[in-house]
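Tertiary structure, described
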Amino acid sequence: MRLIFTFLVFTLALQNSYSQDKEISFADAIKSNIKKYNTKTDIEFEKGNIEKGNALFDSLVQNHLVGSKFDDYSFKCINSRKVKLSKIKKPVFIITYASWCVMNKGEIPALNKLSRKYDEDIQIIVVFWDVKSDVRKIARQFNSHIKVCYANEAYKNDEAVVATLKHYLGFPTSYFLNADLEVVDIKRGGIAIPPRTAFKKAFEMNYTVFNDRVVSLLDKKESVQKRLASNE
């Protein structure tokens, strides 16, 4: 009887160890938690509790998405071949848009400056949820350090990335990944720029926020999973 009990304890320990070490994909993490999140936020937004609704998103990210493994997507680029995330070998900052959605004043110049400053440390990827012909014009405004990409339901190979990134979290959304493609942070929505803000001020506001987020990403280069485990 004692031997059986010891065996059961040992088996459970192995199962727990396996479950802790098992890698969770970002796609699975978002699918498992987004419905519950949407239900709660809908209730809060209907009550007019905007801050509480936004806090629920931060909770979703920190409790369920940080540390998950981002899917190894291949994005089609405007001025180059496809870029596969696993080939980059350094932290990645992905931000999603649509060409018909007006971007913040000063946002593109801020991203351009950021890409020059951190060219050796991170890769910035801008993804537009559009067909190639609709992205060409706006793509010219980004410098060569930024990979400008596009994805759309019209392209059969884009079904997975569109379903996971666009349909679940919308746009604009920023994804911060370490070199192992682990999710470090996710920010949804644009930076709040008052309507009559001067261009220079708007540029500075965008740059400050983006720069702070990139610095935070670079501070967390090591494995998120190891860091989370050490905090338990």
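Anything mentioned here points back to the structure above.
Read on for a plain summary of the structure.

Definitions and cut-offs
Residues numbered from 1 in each chain as written. Predicted model: local features only at pLDDT ≥ 70, side-chain atom pairs only at ≥ 80, totals over all residues. Heavy atoms only, no water. Helix = DSSP H or I, 4+ residues; strand = E, 2+ residues; numbered from the N terminus. Buried < 20%, exposed > 50% of the residue type's maximum accessible area, 1.4 Å probe, protein only. Contact = heavy atoms within 4.5 Å. Areas by Shrake-Rupley, 256 points an atom, 1.4 Å probe, with all protein chains shown as cover. Phe/Tyr/Trp six-rings, centres within 6.5 Å; stacked < 30°, edge-to-face > 60°. Lys NZ or Arg CZ within 6 Å of the ring centre and 35° of its normal. Polar contact = N/O pair within 3.5 Å; in protein donor to acceptor, adjacent residues only side chain to side chain. Salt bridge = Lys/Arg side-chain N within 4 Å of Asp/Glu carboxyl O.

Let us now look at the overall build of the chain. Broken down by element type, the chain carries 8 helices and 7 strands. Burial analysis of the chain (232 residues in total) assigns 44% to the buried set. Sequence separation of 24 or more characterises 68% of the internal contacts of the chain that already satisfy a separation of 6 or more. Accessible area for the chain stands at about 13700 Å²; split by element, carbon and sulfur atoms hold 52% of it.

So, on to the environment of Phe171. Along the chain, Phe171 turns up in the loop between helix 6 (159–169) and strand 6 (173–177). Along the primary structure Phe171 and Trp129 are separated by 42 residues, whereas in three dimensions their C-alpha atoms are 8.9 Å apart. Once you skip the residues sitting within four places of it in the chain, Phe171 turns out to touch Thr96, Tyr97, Ala98, Trp100, Cys101, Trp129 and Lys166.

Another point: the packing of aromatic side chains. Going through the model one piece at a time under the given rule, you end up with 13 aromatic pairs. Both rings, one in Phe26 and one in Tyr175, keep their centres 6.2 Å apart while their planes meet at 85°; by these two values the pair is edge-to-face. Here Phe26 is found in helix 2 (residues 26–46), whereas its partner Tyr175 is found in strand 6, with 149 residues between them in sequence. When the ring centre of Phe57 is taken as reference, the NZ or CZ atom of Arg188 above it lies at 4.6 Å.

When you line up the elements, Asp185 lands in strand 7 (residues 183–188). The buried category is assigned to Asp185, whose relative accessible area is 16%. Each C-alpha atom of the pair Asp185 and Val61 lies 7.0 Å from the other, and the pair is 124 residues apart in sequence. For Asp185, the residues in contact, after removing those within four places along its chain, are Val61, Gln62, Val66, Ser174, Tyr175 and Phe176. Here Gln62 takes part through its side chain, which lies 3.4 Å from a polar atom of the side chain of Asp185.

Right, let's talk about unusual backbone geometry for a bit. The omega angle of the peptide bond from Phe171 to Pro172 is -5°, so this bond is cis rather than trans. Checked against the element boundaries, Pro172 lands in the loop between helix 6 and strand 6. Although it is not a glycine, Lys89 adopts a positive phi angle of roughly 65°. With respect to the element layout, Lys89 can be found in the loop between strand 2 (83–84) and strand 3 (92–97). The residue Leu181 is not glycine, and still its phi comes out positive at about 65°. For Leu181, the position within the fold is in the loop between strand 6 and strand 7. In this structure Leu181 comes out as buried when scored by relative accessible area, which is 6%.

Moving on: the pattern of salt bridges. In the structure shown here, the tally under the stated rule is 6 salt bridges. With its nearest N and O atoms 3.5 Å apart, the salt bridge here joins Asp72 to Lys84. Here Asp72, found in the loop between helix 3 (50–65) and strand 1 (74–77), pairs with Lys84, found in strand 2; they are 12 residues apart in sequence, far enough to count as distant. Between Lys76 and Asp158 there is a salt bridge; the shortest N-O distance is 2.6 Å. Of this pair, Lys76 sits in strand 1 while Asp158 is found in the loop between strand 5 (147–150) and helix 6, placing the two residues 82 residues apart along the sequence. Assessed through its relative accessible area of 3%, Asp158 is described here as buried.

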